[in-house]
Amino acid sequence: MTDSTHSRRKKISLLPRGRCNIDLWLMTVPVVLFFLIFNYIPMAGMVIAFKDYNLGDGILHSAWAGMENFVRLFGSSDFPNVIRNTLTISLLRLSFGFFAPVILALMLNELRQQVYKRVIQTLSYLPYFFSWVILSGIFLMLFSGSGPANMFIKLLGAKPVAFLTNDVWFITVLIATGIWQSAGWGAVIYLAALSGINPVLYEAATIDGATRWQQMLTITLPCLAPTMVTLFILSLGGILTAGFDQIYNMYNPLVYNVSDIIDTYVLRRMMDLDMDLAAAAGMFKSVVGLILIVGANTLSKKLTQGEQSVW
Amino acid sequence: MNRNALIFTFVTICAVVLIVALIPTRPRTDINAPLPPSPVNWSIVQDDTNNTLTISWLGIPGYEAARPGSWIQQMLEERFNIRLDTIFMDLNAFAKRRPLILCGGQAPDVMWDGFPTSVRNNIENRFIMSVPYSVILQHAPTYVSLLNRYGKEAWLYSYYRGENFGLPTFIEGANRPRVGCWRKDWLDAVGITKVPDTVESMHEALRRFRYNDPDGNGKKDTYGWNPYIGHWSLAFSELFAAYDLLAFDFVERDGKITWGGILPECREALATLRRWYEEELLDPDFVVDSQQNQVTERKFQNGRAGYLFPLDFYTAYDTSDPASMSGILQALNPNAKIIPAPLLKNRDGQPRGQAWGGAAHVLQFGRQLEQQPEKVIRVLEMIEAITKDKTLYLESTSGREGLHWTKQAGAGIELLPPWNTDKQLRGAQMLAPGGFGCMFFYPAGLDYTYQTAYRDPAYLRFEDTFKKPEWGLSNPLGKSEVVPSAGRYLNDLRNFQMTVFVEMVIGKRPIASFDEYVTEWKQRGGAVLLQEANDMYETMQQIFNQVGAGETRND
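**Regarding the nonpolar core**
Core analysis: the biggest nonpolar cluster contains 176 residues, and Trp57, Trp182, Phe240, Trp276, Leu477, Phe501 and Tyr517 of chain B have the highest contact counts within it. In terms of residue count, the dominant contributor to this core is helix α20 (residues 514-547) of chain B (13 residues). Apart from the residues lying within four places of it in its own chain, the contact partners of leucine 477 of chain B are Glu153, Leu156, Tyr157, Phe250, Val482, Val483, Ala533, Met536, Tyr537 and Met540 of chain B. Grouped together as the second largest cluster of nonpolar side chains are 25 residues, Ile247, Met250 and Tyr251 of chain A together with Val288 of chain B included.

**Focus: the interface of chain A and chain B**
Taken together, the 41 residues of chain A in the interface contact 38 residues of chain B. Summing both sides of the interface, chain A and chain B together bury roughly 3,400 Å²; the carbon and sulfur share of this comes to 54%. At the junction of chain A and chain B, the tally comes to 3 salt bridges. Between arginine 268 of chain A and aspartate 492 of chain B there is a salt bridge; the shortest N-O distance is 2.5 Å. Of all elements in the fold, only β1 (51-52), β2 (63-64), α4 (68-75), α8 (132-143), α15 (262-271) and α16 (275-303) of chain A reach the threshold of two or more residues within the side of chain A that touches chain B. At 5 residues, the largest contribution of residues to the side of chain A that touches chain B is made by α16 of chain A. Split into classes, the residues belonging to the side of chain A that touches chain B amount to 18 nonpolar, 11 polar and 12 charged.

**Considerations on the packing of α8 of chain A against helix α9 (residues 148-155) of chain A**
The angle between the axes and the distance between the axes are what describe a pair of packed helices. Residue and element names in this part refer to chain A. The contact between α8 and α9 brings their axes to 4 Å, and the two run at 20°. Judged by the angle between their axes, α8 and α9 are roughly parallel. Of the residues in α9, those in contact with Met141, Leu142 and Phe143 of α8 are Pro148, Ala149 and Asn150. Each residue belonging to the contact of α8 with α9 can be placed in one class, and the counts come to 5 nonpolar, 1 polar and no charged.

**Let's talk about the sheet that holds strand β6 (residues 167-170) of chain B**
Residue and element names in this part refer to chain B. Pairing within the open sheet is mixed, and its 5 strands lie in the order β2-β1-β3-β14-β6. The strands lining the two open edges of the sheet, one partner per strand, are β2 (82-88) and β6. Averaged over neighbouring strand pairs, the angle between their axes works out to 25° when direction is ignored. The sheet contact formed by strand β3 (residues 110-113) and strand β14 (residues 359-365) spans 4 bridges and is antiparallel. Among the inter-strand pairings, aspartate 113 is bridged to a residue of β14, identified as valine 362. With respect to the sheet, helix α6 (residues 141-150) is in contact with β6 and β14, its orientation differing from that of β6 by roughly 55°.

**Some words on the packing of aromatic side chains**
For the coordinates displayed, the defined rule picks out 57 aromatic pairs over all chains. Centroid distance phenylalanine 501 of chain B to tyrosine 517 of chain B: 5.5 Å. Interplanar angle 70°. Geometry classified as edge-to-face. In this pair, phenylalanine 501 of chain B is assigned in helix α19 (residues 486-506) and tyrosine 517 of chain B in helix α20, connecting sequence segments 16 residues apart. A relative accessible area of 0% means that phenylalanine 501 of chain B is categorised as buried. Overall, the relative accessible area of 1% leaves tyrosine 517 of chain B in the buried class. The side chain of lysine 51 of chain A reaches across the aromatic face of tryptophan 64 of chain A, ending 4.5 Å from its centre. The lysine or arginine in question, lysine 407 of chain B, covers the ring of tyrosine 454 of chain B, its NZ or CZ lying 6.0 Å from the ring centre.

**Looking at the domain arrangement of chain B**
Residue and element names in this part refer to chain B. On domain assignment, one finds that chain B holds domain 1 (3-175 + 360-399) and domain 2 (178-354 + 483-555). Relative placement of domain 1 and domain 2: their C-alpha centres are 34 Å apart. At the junction of the two partners, domain 1 supplies 12 residues and domain 2 supplies 18 residues. The largest per-residue losses of area from domain 1 upon contact with domain 2 belong to Tyr133, Lys152 and Leu156, which jointly make up 42% of the total buried on that side. At the junction of domain 1 and domain 2, the tally comes to 0 salt bridges. Where domain 1 meets domain 2, there are 3 residue pairs in polar contact (both at pLDDT 80 or more). Per-class residue counts for the side of domain 1 that touches domain 2 are 7 nonpolar, 2 polar and 3 charged.

**Some points on the sheet that holds strand β12 (residues 338-340) of chain B**
One key point about sheets: their strands pair by backbone hydrogen bonds, in either a parallel or an antiparallel sense. All names here are of chain B. Taken together, 4 strands build an open sheet; the order of strands is β8-β11-β7-β12 and the sheet is mixed. Edge strands, defined here as strands with exactly one partner in the open sheet, are β8 (223-225) and β12. The mean inter-strand angle of the sheet, taken between neighbouring strand axes irrespective of direction, is 15°. Relative to β12, strand β7 (residues 181-183) runs antiparallel, the two being bridged by 3 bridges. Paired with cysteine 181 across the strands is proline 340, a residue of β12. Where helix α8 (residues 199-211) meets the sheet, its contacts fall on β7, β8 and β11 (305-308), and the angle it forms with β8 comes to roughly 150°.

**Here we look at the confidence of the model for chain A**
Residues and elements named next belong to chain A. Taken as a whole, chain A shows an average pLDDT of 87; of its residues, 94% reach a score of 70 or greater. Within chain A, no element has a lower average pLDDT than helix α1 (residues 3-11), which sits at 49, and none a higher one than helix α10 (residues 167-195), at 94. Confidence over residues 1-5 falls short of pLDDT 50; this stretch has 2 contacts with residues more than four positions distant or in other chains.

**Things to note about the environment of leucine 530 of chain B**
Residue and element names in this part refer to chain B. Mapped onto the fold, leucine 530 is located in helix α20. A sequence separation of 128 residues divides leucine 530 from glycine 402, and the C-alpha atoms of the two residues are 54 Å apart. Among all residues touching leucine 530, those that are not within four sequence positions of it are Phe250, Ile257, Thr258, Trp259, Ile262, Trp521 and Lys522.

Cut-offs used in this document
Residues numbered from 1 in each chain as written. Chains lettered and ligands numbered in written order. Predicted model: local features only at pLDDT ≥ 70, side-chain atom pairs only at ≥ 80, totals over all residues. Heavy atoms only, no water. Core = buried A, V, L, I, M, F, W, Y, C linked by side-chain atoms within 4.5 Å. Buried < 20%, exposed > 50% of the residue type's maximum accessible area, 1.4 Å probe, protein only. Helix = DSSP H or I, 4+ residues; strand = E, 2+ residues; numbered from the N terminus. Contact = heavy atoms within 4.5 Å. Buried area = accessible area lost by both parts, 1.4 Å probe. Salt bridge = Lys/Arg side-chain N within 4 Å of Asp/Glu carboxyl O. Nonpolar A, V, L, I, M, F, W, Y, C, P; charged D, E, K, R; others polar. Axes fitted to C-alpha atoms, helices over the stretch in contact; angles between N-to-C directions. Parallel < 35°, antiparallel > 145°, perpendicular 65-115°, else oblique. Pairing = 2+ DSSP bridges. Phe/Tyr/Trp six-rings, centres within 6.5 Å; stacked < 30°, edge-to-face > 60°. Lys NZ or Arg CZ within 6 Å of the ring centre and 35° of its normal. Domains from an automatic or database assignment. Polar contact = N/O pair within 3.5 Å; in protein donor to acceptor, adjacent residues only side chain to side chain. pLDDT = per-residue confidence, 0-100.

Pasting the structure below:
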């Protein structure tokens, strides 16, 4: 091993080097503890998915059930419908919702009046801080048969639309309101990425006679691509998380067949204290998420020759 | 991640799954197998009343302001030589905090529970102990006789695999059916002098509310009815009752248990609702409105609909109370008046309405009391004493006469100052005047004949005019949740049924497809529930024989 290799290794050593770094290490302690306590230690609870879990006996003393909980889960008559609904809603969210923050960030980036830009930016990410309990109340009122949306439609002479009780319209409202709520917040990351683009590139492009549209296509978007790829890969991990709080607060008996997702299914099982089945469903979600993240990252790495990937 | 790491991860996951799959497993609990014998030899258990016993007690006090050490608690402690360690919870904490307490190995000595599935979970998870029928009969015979009279089906709530787990409770008033209300000023405006009491007269009133401009504003902006379907027990239940049905519960037909929602008369009721919807008598937003908090009530208050269900407590009609439905309506519109809706009559001309039934809840005993069974006996003796001694009953629920309350001739109990005005103070002392049922330390009702002496005469008049117990339709098993597979199928089936019924009412699914729905309902687990329900019905008779409750049909 050469000296240069030694020095490189030394530089990336995880061990603290002298007192000067103690403060930095101390700063990491809360974060490490947070992840240990709330993310890693609870992983041991996954073992419940393989047990005939009895609350009185606890995790350790409950009898093993092997794969029985998974057999029960996949054998349930509701499960195929639940998986279909979850994937449909998630893929629609991903298809339409992924690009909305990018477009919003690009539009905000083009604004030159800083005060106006900040006001718009604040207003756009404000909905993110409202709970779906409140937002669903507003949307149910807005889109009900006698609500403002239908009053407007009637004013135009058209027939009222069953926004909340028709399967297709309900999913449309679900996706659209979800995008409205989260696009502003999602744009913050892209705005941060945009601010990191070297202005020299734009100056050079301007001198070369590029229009703003051409600058966006040839400079802005390529510079945003690594961030987009990273966020896309991470969002794939949540493909089986279709937005429980929004759906739970907005659905009704007429749209159960298209809005019953894994999380609402798990909730019903949890309410019956069927913890092992709920754990099996949760583990299934996590494993699918893990496979998708690893798969997408590998694919991205391969297609870009290792330039764009999370790790 | 390189190729080798990927292969390693994949192989590791496969290996773990394979190992777990091959682990020898114990078969799941057999619901028919007898339970291991109780370690308590009840025949030799003695309770020395000179010994002070400390008893932890968990329940829902019904008052946010309830505090340990209330006057009632101290009175009971002194009288029965006990120290009560109370654990108060609201409904939210009961759902979320209680499981943590139980899992943490801190099950209280006495624990109230309102749901048969929850009781069964407590049994299966070995949190609570069994108490033989003979012990309850020996130490609380008067209480048992009242339970058998008003809510004997509750014995099923504490039954599990041949044994009894806890003391079932009853509420006399829950045998009475629920009623709705009509806008009286609207009925007058559209020329209806007799308050509707049949399906036909209800239809006519709803029709005139829609088409005869009952609010006189010159616009066709009113509906007859905005049905609330947010909970299965309230969904069109007054109309189903007119067809002698509980659509979302078990019912009895010819000595057998069946499900109300699959019977031919249910199809007839749905066809009626479909016609009413087609005629625009029902608010088309009723499905969405039912998902939101109190929107149905607000629409009634704002004059969008002229009939509301349920509104079945007499104080709702008290115009002098600004917080009552009458008070709110009059504040919005001085001409508005409401009147209780008589129950709709069935084909035989008998009024019928959905009632919960008097079978209420279960008072359970923590499994740790297997080591101190004398605590169970002390609690049973206390319950028995409260049942027998009417003065003690009143003191356990409402405080002491002269100190906390007084009673004038021809009136109910009235609290004295400062309890009558200070809600916080009243809550802290857990004084519930007139609360004849479901109190914290005595979570059961009382003989109705005794109630008449102490309750508000207005309450009694209302109950006896509109809510006679003999008009109530209730589940012959008490609650459908008593069947063993309820946890697996019941919620999903009720959701499925609700979807199908609403689709039929609004015309999204034809009424003609009712038979297909019945087939699917059975395939989705309904057939299992029906079989188990009939088995439980037979079991119930065996239990009744043991506790002296007579026949399964109410006497």
